[in-house]
Amino acid sequence: MRIAVDLNRCQGYAQCVYLAHKDFRLTGQEALTYEPNPDDERRLQVERAAAACPVQAILIDRLDGAKGSATS
Amino acid sequence: MTVPATVAELVRQFRANGRIVIVGASLAGLRAAEALRAEGFTGSVTIIGDEPYEPYDRPPLSKQVLKGWVPADHTKLPRLREVNAQWRLGVTATGLDRAAKQVRLADGEQIPYDRLLIATGTRARQWPNPDEAALEGVYSLRSRDDAAQLQKALAAPPSRVVVIGAGFIGSEVASVCRELDLPVTVVERGSAPLVGALGGVIGEIAAEMHRDHGVDLRCGLGVSSLEGDSGGHVRRAHLSDGTTVDADVVVASLGSIRNVEWLEGAGLASGFWGVGCDAGGRAFDINGVVTDSIYVAGDVARSPHVLYEYQFLAMEHWDNAVLGAEAAAHNMVNLEPHYRPHLLLPGFWSGQFGLNIKSVGVPPFGDEIVFTQGSVKERRFAAAYGRRGRIVAAVAFDHGKWLEYYGKLIEQSGPFPPPPPGWDHPPDMKPIPAEFPQPGVPTAIPDVVLTGHDPSERGAEFRPRPR
Ligand SMILES: Cc1cc2nc3c(=O)[nH]c(=O)nc-3n(C[C@H](O)[C@H](O)[C@H](O)COP(=O)(O)OP(=O)(O)OC[C@H]3O[C@@H](n4cnc5c(N)ncnc54)[C@H](O)[C@@H]3O)c2cc1C
Ligand code: SF4
């Protein structure tokens, strides 16, 4: 699956890190780095992380698994 | 039919069957296409991009990807909705015929449009000496391919990396080098890293940050030439003070060039700083007249901003691309009075040396700075920029959550120095000069630039039309 984090919005609350620590990491106090292409097996965790983000900074692909090619 | 009814019918027909062409298949292009569909546009959308890849995200390239944590091809942008577009990837737009309303492609094809969005962004400025730039081991960083190559070179590992230019990308590259435990020398013509974007006071803090992390930082110096070995691999950088630095990887982070060459001759207000447009993304022609069918968004756009004396603002920031694309898409399929302005308060983030640096507003518009929260010593603070008693920007080091507060004050042209929120005030809250370089002093060009008042003032060529 594909994700992007709007780091302008992200305020380093680290909710996502608690819920999907394989895909979101804090380097230092506030600087978030993330895996833009998490394994599909971790979709549930990543979706939970996105839902829990207090500022809704995590953008998730809505087309994964949908019909048509990636460049539809 | 009454006139309003006829207009409504035309709009309905356009939304159903119109042809929209987007040139530039990256962040702004993709978000515009998604927004067009979200607005109910069901006509044809064609997206033209010279890179062979579907849209991907650039910020991770200089961070996660260089570090080797994420492969470069894992950065495809998520699709927020179906765009149902004709994708023309790997082909360059080479010309625009406004009279025939066609975009010319490198393969000779002409793509007709009813409405066009220009989202061709910027490219990295290459090392100016072409022979030296062609040496193996010399890189710049803008695309997925750049990142993949540079990542490989850093993993080799090199004996030393030289980074030329300490703007945001140069600083992020240096930071990654140190995280990878690579010796790195940063050469910056300005007095400190980030001075163009954030001024000398913050630049000094950034310089300490570099040095504390073991970067060999050389400011006030340029690289005069690069030397290669007999195999054509870079070996040494010669600096303007006569010294040399041995290195086998050189990263030129010299700022960017706007991709406007393909618009040559189209009569748009395009030039060095990008394509001039109104706050609704509608492109200006060369005489400052707004066009009806051509729109601009993202890094290549330049539009007047009400908060900054209506000066044209050029911004190379992620959220500017997203929000500018959404506003342009909305205006492409709506009519006055339903136009929407794109009057974003500029904002960016950067992650380097384990720190989160964020800013809102246009710091170089200010001439004074005041530390309002936290502690510079602990590298955890917020500071505000002011001009003539008004707050115009703010910057935060590991203090991101306070930026919204400063952003609101900036939007209201609040007082400077601003009333700091809450607690945690530094002992000395006296405004001091922010120390931006004088115009003309060479330094990295900041990512947000005020470029004057009228669309042709900076860069666009003036060609009066015969009456
Ligand atoms: C390494 C890196 C790190 C960054 N980090 C941050 C960050 O931390 N925070 C932040 O706010 N911003 C950051 N940015 C900036 C952000 O990525 C840009 O603002 C954003 O990509 C702009 O999107 P855009 O769509 O306007 O332009 P671009 O992403 O530049 O896309 C333009 C596209 O158009 C294509 N194109 C150009 N000319 C033609 C033509 N004639 N025909 C067809 N196609 C053409 C280009 O190849 C490109 O694919 C970073 C940028 C880079 C390079
Ligand atoms: S939960 Fe949201 S705000 Fe918090 S660190 Fe993650 S992305 Fe950022």
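Rules and cut-offs
Residues numbered from 1 in each chain as written. Chains lettered and ligands numbered in written order. Predicted model: local features only at pLDDT ≥ 70, side-chain atom pairs only at ≥ 80, totals over all residues. Heavy atoms only, no water. Pairing = 2+ DSSP bridges. Helix = DSSP H or I, 4+ residues; strand = E, 2+ residues; numbered from the N terminus. Axes fitted to C-alpha atoms, helices over the stretch in contact; angles between N-to-C directions. Domains from an automatic or database assignment. Buried area = accessible area lost by both parts, 1.4 Å probe. Salt bridge = Lys/Arg side-chain N within 4 Å of Asp/Glu carboxyl O. Polar contact = N/O pair within 3.5 Å; in protein donor to acceptor, adjacent residues only side chain to side chain. UniProt positions renumbered as here; feature names shortened; annotations may be inferred. Core = buried A, V, L, I, M, F, W, Y, C linked by side-chain atoms within 4.5 Å. Buried < 20%, exposed > 50% of the residue type's maximum accessible area, 1.4 Å probe, protein only. Near = heavy atom within 4 Å. Nonpolar A, V, L, I, M, F, W, Y, C, P; charged D, E, K, R; others polar. Areas by Shrake-Rupley, 256 points an atom, 1.4 Å probe, with all protein chains shown as cover. Expected span 1.5 Å × (residues − 1). Contact = heavy atoms within 4.5 Å. pLDDT = per-residue confidence, 0-100. Phe/Tyr/Trp six-rings, centres within 6.5 Å; stacked < 30°, edge-to-face > 60°. Lys NZ or Arg CZ within 6 Å of the ring centre and 35° of its normal.

Colleague: I keep staring at the sheet that holds strand β4 (residues 93–97) of chain B and nothing clicks. Help me out?
Modeller: Hydrogen bonds between backbone groups are what pair the strands of a sheet, and the pairing can be parallel or antiparallel. Residue and element names in this part refer to chain B. What the three strands build is an open sheet, ordered β4-β5-β6; its pairing is antiparallel. Each end of this open sheet is capped by a strand with a single partner; those strands are β4 and β6 (110–112). Each strand of the sheet is rotated relative to its neighbour by a mean of 25 degrees, with strand direction disregarded. As paired strands, strand β5 (residues 102–105) and β6 are joined by three bridges and run antiparallel to one another. Within the sheet, the bridge partner assigned to Q102 lies in β6 and is P112.

Colleague: Can you walk me through the domain arrangement of chain B in this structure?
Modeller: Quoted interface sizes are often the accessible area lost when the parts come together. Residue and element names in this part refer to chain B. Taken domain by domain, chain B holds domain 1 (5–58 + 78–121 + 259–332), domain 2 (125–256) and domain 3 (354–433). The C-alpha centroid of domain 3 is placed 35 Å from the C-alpha centroid of domain 1. Of the roughly 510 Å² buried between domain 1 and domain 3 on both sides combined, carbon and sulfur atoms contribute 66%. Its largest share of buried area at the contact with domain 3, domain 1 owes to L307, Y308 and E309, together 87% of the area lost on that side. At the junction of domain 1 with domain 3, the criterion picks out two salt bridges. The shortest N-O distance in the salt bridge between E309 and R387 comes to 3.8 Å. Viewed at the interface, domain 3 and domain 1 are joined by two residue pairs in polar contact (both at pLDDT 80 or more).

Colleague: Quick question: what am I supposed to make of the UniProt feature "domain: FAD/NAD(P)-binding" (unreviewed entry) in chain B here?
Modeller: What UniProt calls "domain: FAD/NAD(P)-binding" (unreviewed entry) maps, in this numbering, to residues 19–322 of chain B. Taken end to end, residues 19–322 of chain B comprises 22% helix and 31% strand; its first and last C-alpha atoms sit 22 Å apart.

Colleague: Any chance you could explain the nonpolar core here in plain terms?
Modeller: For soluble globular proteins, nonpolar side chains are generally found buried alongside one another. The biggest cluster of nonpolar side chains holds 74 residues, and the ones touching the most others in it are L154(B), V161(B), L198(B), I202(B), Y385(B) and F397(B). Among the elements that take part in this core, helix α7 (residues 195–212) of chain B stands out by supplying nine residues, more than any other. The next biggest cluster of nonpolar side chains, apart from the first, holds 51 residues, and it includes I3(A), V5(A), L7(A) and Y295(B).

Colleague: Which parts of the structure should I look at to understand the site of ligand 2?
Modeller: Near ligand 2, the surroundings consist of 13 residues, among which C10(A), Y13(A), A14(A), C16(A) and C53(A) are the closest. Tallied by class, the residues present in the shell around ligand 2 amount to 10 nonpolar, three polar and no charged.

Colleague: Any chance you could explain the site of ligand 1 here in plain terms?
Modeller: Residues and elements named next belong to chain B. Around ligand 1, the structure places 32 residues, and the nearest of them are D50, E51, R58, R142 and D299. At 3.4 Å from an oxygen atom of ligand 1 is found a main-chain nitrogen or oxygen belonging to L27. Here ligand 1 loses 94% of its free accessible area of 1000 Å² to cover by the protein chains. Residues belonging to the shell around ligand 1 are distributed by class as follows: 14 nonpolar, 11 polar and seven charged. Residue assignment places the shell around ligand 1 across two domains, with domain 1 (5–58 + 78–121 + 259–332) and domain 2 (125–256) each supplying three or more.

Colleague: Would you explain helix α6 (residues 168–179) of chain B in this entry?
Modeller: Given 3.6 residues to a turn, an α-helix orients residues that are three or four positions apart in the same direction. Residues and elements named next belong to chain B. A rise of 1.5 Å per residue sets the reference length of α6, with its 12 residues, at 16 Å; its end C-alpha atoms lie 16 Å apart and thus fit the reference within 8%. Burial analysis of α6 places nine of its 12 residues in the buried class, the great majority of the element. Among the residues making up α6, those that are buried are F168, G170, S171, E172, V173, A174, S175, V176 and C177.

Colleague: Sorry, what's going on with the environment of A383(B) here?
Modeller: Residue and element names in this part refer to chain B. Tracing the backbone shows A383 in strand β27 (residues 380–387). Judged by relative accessible area, which is 0%, A383 ranks as buried. Residues A383 and E264, spaced 119 residues apart in sequence, show a C-alpha to C-alpha distance of 42 Å. Setting aside residues no more than four positions away along its own chain, A383 makes contact with I369, V370, F371, T372, A394 and V395.

Colleague: Quick question: what am I supposed to make of the UniProt feature "domain: Reductase C-terminal" (unreviewed entry) in chain B here?
Modeller: This chain's UniProt record puts "domain: Reductase C-terminal" (unreviewed entry) on residues 348–416 of chain B. Helix makes up 13% of residues 348–416 of chain B and strand 52%, and the two end C-alpha atoms of the span are 22 Å apart.

Colleague: Help me out: how do you make sense of unusual backbone geometry in this one?
Modeller: Leaving glycine out, the prevailing phi sign among residues is negative, and the prevailing peptide bond configuration is trans. Residue and element names in this part refer to chain B. Omega for the peptide link from A156 to P157 comes to -5 degrees, which places this bond in the cis form. Relative to the helices and strands, P157 resides in the loop between α5 (144–155) and β10 (161–164). Of note, the amide linkage connecting F416 to P417 takes the cis form, showing an omega dihedral of -5 degrees. Looking at the element boundaries, P417 is found in the loop between α9 (403–411) and β29 (432–433). The phi torsion at D398 lies on the positive side, around 45 degrees, for a residue other than glycine. Tracing the backbone through its elements, the reader meets D398 in the loop between β28 (390–397) and α9. A relative accessible area of 9% places D398 in the buried class.

Colleague: Honestly, the confidence of the model for chain A in this entry has me stumped. Any pointers?
Modeller: When pLDDT is averaged along chain A, the result is 87; 88% of the residues meet or exceed 70. Considering only residues more than four positions removed or in separate chains, one finds that residues 65–70 of chain A, a stretch of pLDDT under 50, has four contacts.

Colleague: Got a minute to help me understand the interface of chain B and chain A in this structure?
Modeller: If you look at the interface, chain B gives 36 residues, while chain A gives 32 residues. Roughly 2900 Å² of surface becomes buried between chain B and chain A when both sides are summed, with 52% attributable to carbon and sulfur atoms. When the area that chain B buries against chain A is broken down by residue, the three leading residues are W69(B), R79(B) and K401(B), summing to 23%. Summed over the shared surface of chain B and chain A, the result is one salt bridge. One salt bridge in this structure joins R2(A) and E54(B), with 3.1 Å as the shortest N-O distance. Across the chain B-chain A interface, the total number found is 14 residue pairs in polar contact (both at pLDDT 80 or more). Broken down by secondary-structure element, the contributors of at least two residues to the side of chain B that touches chain A are α3 (64–67), β3 (86–89), α8 (318–332), β24 (347–352) and β25 (355–361) of chain B. Its residues assigned to classes, the side of chain B that touches chain A shows 14 nonpolar, nine polar and 13 charged.

Colleague: Sorry if this is basic, but what is going on with the packing of aromatic side chains here?
Modeller: A ring pair, where both rings are aromatic, is described by two values, the distance of the centres and the angle of the planes. Applying the stated criterion across every chain yields a total of 11 aromatic pairs over all chains. Measuring from ring centre to ring centre gives 6.3 Å for Y53(B) and Y56(B), while their planes differ by 70 degrees; the resulting arrangement is edge-to-face. For Y56(B), a relative accessible area of 2% puts it in the buried group. With a centroid separation of 6.0 Å and an interplanar angle of 70 degrees, the aromatic rings of W318(B) and W349(B) are classed as edge-to-face. Here W318(B) is found in helix α8, whereas its partner W349(B) is found in strand β24, with 31 residues between them in sequence. Of the two residues, W318(B) and W349(B), neither departs from the other in class, the shared state being buried. Over the aromatic face of W69(B) sits the side chain of R25(A), whose NZ or CZ is 3.7 Å from the ring centroid. Above the ring of F14(B), the side-chain terminus of R115(B) is found at 4.9 Å from the ring centroid.

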